[in-house]
Amino acid sequence: MVEIKNLSKYYGRNLAVKGISFDIQDHEILGFLGPNGAGKSTTMNMIAGYLPSSNGTVTINGFDITEQASEAKKCIGYLPEIPPVYPDMRVEEYLLFVAGLKGVPRAERKKQVQSSMQRLHIEDMHRRLIRNLSKGYKQRVGFAQALLGDPKILILDEPTVGLDPTQVMEVRNLILELKQDHSIIFSSHILAEVSAVCERVVIINKGEIIAIDTIDNLERNLTADTVLHLTAEGDKDKISRLLKDIQGVSSVSDIKELGENRCSYQIELKNESVRNEIISVLLNNQCSIVEMHLAQLNLEQVFLKLIQEKKKSSLEQLIDETKQDNPYHQED
Amino acid sequence: MFSLYKKEMQSYFFSPFAYVLIALFMLIFSFAFVTSIASIDSNVLKFSFPGIFYDNFFFFIFIIPILTMRSFADERRGNTEVLLLTSPLSVGKIVMAKFLAVLTVFAIMMLATLFFPIYICCIGKIMWSSLICAYLGFFLWGMVCIAIGMLLSSLTGNAIISAILGEIIMEGTLLVDQIGGSALVNAYPYLNSAISWISMQRRFVYFSQGMFRLEDLIFFLSATAVVICWNIIAIEKRRWSHS
């Protein structure tokens, strides 16, 4: 298990990561999401022990990453953003070296290297010089390296970058397979990937956590859960008027014509309980309902919404601060 | 730690790098050897191996920064530093493994030049005490230079710049002796004694005369230790202030 408490990182005077805290349970895949420059890689580097934190602690299986670095690092397999491979080495030779570096006993090295090469489907490449491999293969060699030493925790910084769609699927399946005996932190800016693999996500922006939750919860909570999508057959204006007359409906918008006599509507409700009333009103007026569902945002929309909300609130904060700083400021 | 040492050795010997440098070292030594024999006085058939080292320090030391320039700079450039620093090895062990690998290559270079004394031994007489001490002295001097070269490679992060800076600093250590001998410095006895204390060339003179002084051994070992510690601190410092 990994515990991150109040982790901060200063680059000179610039605060890149601002006191973030979260944990990763055993056998869990945690997604780490954020736009470019949000502090994802810095945080991952701190968890892996490459960069020391300016403040806060990272505890890995009970070992502090700075105090008991060696024990903590033995529990970690790390794949950084750029795979750390030596171009002049052959694939198998490189993996044997990393196994030795991680303190795998000599007798087990060959076996572990073979099994990690099998998992990443790079056995055919074992004699090839790394410099001659394609980007995708280099990435897989980097991934294979992270699995050596059988670490309990895997930190994967954008592991599918540079892979073709089939390889992406393979890596996703591998991550799901690895979940059985590892805890995984997985960063990406491809949201579809995160929602396909992770149960829980941490969304980070400008060094701050803006949400930690399961994907389902995030999608549900942030959905304007009072927005209803309706497709119905009947006169557009009549339906629109009928809907607006129902108490509990605040607005009807985004009316699209889908075909002969069929339109879709977006209805904002004050509460969900008016759904039945909508159905009965429409049916009583000889309008047939084709489809009706509560609108739900996907992870991509959730992500954008969270980031936009954050931007808006920081802008408001800035305006407030400016007003306070300027006593001569007059409200218009 | 042994894995890293082995990998470093492979990176030197599985490429032409070490062979070219060893060949260059042998070439310089052979030239010096031939010129020493050619300049022997006709009636006294005598020349000194320590003298070869002493006269050609300028060229020998030239090779060391080239040997050390890649040690940390390549790791930084290729992003493989992350792999080493996130492994269970401590920074101290990483630096030591790399240092020992370069030192081994240097030792192999020196062993290659033993061909000449052994050849002389077959056809003439050799003063073994002086020869062994000269080799030991040169090895110790090389050890300090390797530590300095590695520090520069780690500080600059660029192989070419570290090699150029290394050449300047190492030739500078030779200049210390010249400065020590100047009239200006001789006028101040304290300054003179301070300079002669840090001059590695003067310490080598004792070795070349077949004198093994504990003081010199401690000087070279402690200078190496200080530079290695500096390197460890430099790497740690860079991690802390990484940007």
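Refer to the structure above for everything that follows.
Residues numbered from 1 in each chain as written. Chains lettered and ligands numbered in written order. Predicted model: local features only at pLDDT ≥ 70, side-chain atom pairs only at ≥ 80, totals over all residues. Heavy atoms only, no water.

Draft legend 1. Structural context of the overall build of chain B. What chain B contains, in helices and strands, is 14 helices and 0 strands. Each helix (α) and strand (β) of chain B, taken in turn from the N terminus, gives the series α-α-α-α-α-α-α-α-α-α-α-α-α-α. A compact globule built from 243 residues would reach a C-alpha radius of gyration of about 18 Å, and chain B, at 19 Å, matches this within 12%. For chain B, the spread of C-alpha atoms along the three principal axes comes to 65 × 50 × 30 Å. Out of the 243 residues belonging to chain B, those deemed buried represent 50%. Sequence-distant contacts, at least 24 apart, represent 75% of the contacts inside chain B between residues at least 6 apart. Accessible surface, chain B: about 11,700 Å² in total, of which carbon and sulfur atoms supply 73%. (Helix = DSSP H or I, 4+ residues; strand = E, 2+ residues; numbered from the N terminus. Rg over C-alpha atoms; globule rule 2.2 N^0.38 Å. Buried < 20%, exposed > 50% of the residue type's maximum accessible area, 1.4 Å probe, protein only. Contact = heavy atoms within 4.5 Å. Areas by Shrake-Rupley, 256 points an atom, 1.4 Å probe, with all protein chains shown as cover.)

Draft legend 2. Main features of the overall build of chain A. Of the regular secondary structure elements, chain A holds 11 helices and 14 strands. By residue count, 46% of the 332 residues in chain A fall in the buried class. Accessible area of chain A: about 16,700 Å², with a carbon and sulfur share of 46%.

Draft legend 3. Fine view of the nonpolar core. Within the largest apolar cluster, 154 residues are counted, with the highest numbers of intra-cluster contacts made by Ile-60, Tyr-94 and Phe-143 of chain A. Among the elements that make up this core, the one with the highest residue count is helix H9 (residues 128–156) of chain B (16 residues). Setting aside residues no more than four positions away along its own chain, Tyr-94 of chain A makes contact with Pro-84, Val-85, Tyr-86, Met-89, Ile-130, Val-141 and Gln-145 of chain A together with Leu-83 of chain B. In terms of nonpolar packing, the next biggest core, distinct from the first, is built from 18 residues, Ile-239, Leu-243, Ile-267 and Leu-269 of chain A among them. (Core = buried A, V, L, I, M, F, W, Y, C linked by side-chain atoms within 4.5 Å.)

Draft legend 4. Spatial organisation of the interface of chain B and chain A. Residue-level contacts link 23 residues of chain B with 28 residues of chain A. At the surface where chain B touches chain A, the tally comes to 0 salt bridges. Sorting the residues of the side of chain B that touches chain A by element identifies helix H1 (2–13), helix H6 (81–85) and helix H14 (214–240) of chain B as the ones contributing at least two each. The class makeup of the residues in the side of chain B that touches chain A is 10 nonpolar, 9 polar and 4 charged. (Salt bridge = Lys/Arg side-chain N within 4 Å of Asp/Glu carboxyl O. Nonpolar A, V, L, I, M, F, W, Y, C, P; charged D, E, K, R; others polar.)

Draft legend 5. Summary view of helix H5 (residues 70–77) of chain B. Three or more residues of H5 of chain B are buried, namely Ser-71, Phe-72, Ala-73 and Glu-75 of chain B. Immediately beyond the C-terminal end of H5 of chain B, within one or two residues, lies Asn-79 of chain B, with a positive phi of roughly 60°.

Draft legend 6. The arrangement of the pattern of salt bridges in detail. Residue and element names in this part refer to chain B. Applying the stated rule across the entire model yields 22 salt bridges over all chains. One salt bridge in this structure joins Lys-7 and Glu-75, with 3.5 Å as the shortest N-O distance. Separated by 68 residues along the polypeptide, Lys-7 in helix H1 and Glu-75 in helix H5 bring together distant segments of the chain. By relative accessible area, which is 6% here, Lys-7 ends up buried.

Draft legend 7. Examining the side chain of Ser-240 of chain A more closely. Among the structural elements, Ser-240 of chain A can be located in helix H9 (residues 236–245). Ignoring sequence-local partners within four residues, the contact set of Ser-240 of chain A consists of Val-252 and Ile-255 of chain A.

Draft legend 8. A look at unusual backbone geometry. All names here are of chain A. The phi dihedral of Asn-6 is positive, around 50°, even though this residue is not glycine. Structurally, the position occupied by Asn-6 is in strand S1 (residues 2–11). A positive phi angle is found at Lys-206, which is not glycine, with a value near 50°. Mapped onto the elements, Lys-206 comes out in the loop between strand S9 (200–205) and strand S10 (208–214).

Draft legend 9. Expanded view of the layout of surface pockets. The space that makes up the largest pocket amounts to roughly 640 Å³. Around the largest pocket, the lining comprises 24 residues; the ones closest to its centre are Tyr-86 and Asp-88 of chain A together with Ser-11, Arg-70 and Asp-74 of chain B. Those elements that provide at least two residues to the lining of the largest pocket are H1 and H5 of chain B. Its residues assigned to classes, the lining of the largest pocket shows 7 nonpolar, 6 polar and 11 charged. (1 Å grid on protein atoms, 1.4 Å probe; cavity = no way out; pocket = protein on both sides within 12 Å on 5 of 7 lines; lining within 4 Å. Points joined across faces, edges and corners; volume = space filled by probe spheres on them.)

Draft legend 10. Focus on the environment of Leu-258 of chain A. Residues and elements named next belong to chain A. Along the chain, Leu-258 falls in strand S12 (residues 249–259). Counting along the chain gives 129 residues from Leu-258 to Leu-129, while the straight-line C-alpha distance between them is 58 Å. What Leu-258 contacts, discounting residues up to four positions off in sequence, is Thr-231, Cys-263 and Ser-264.

Draft legend 11. Spatial organisation of the pairing of strand S13 (residues 262–269) of chain A. Residues and elements named next belong to chain A. Two strands pair when backbone bridges link them, and strand S11 (residues 227–233) and S13 are joined in this way by 7 bridges, in the antiparallel orientation. Considered in S13, the bridge of His-229 is made with Gln-266. Strand direction decides the pairing type here: S12 and S13, joined by 7 bridges, are antiparallel. Paired with Val-249 across the strands is Leu-269, a residue of S13. Turn length for the S12-S13 hairpin, with the two strands adjacent in sequence and antiparallel, is 2 residues, and the turn residue Asn-261 shows positive phi of about 65°. (Pairing = 2+ DSSP bridges.)

This is a description of form; function is not addressed.
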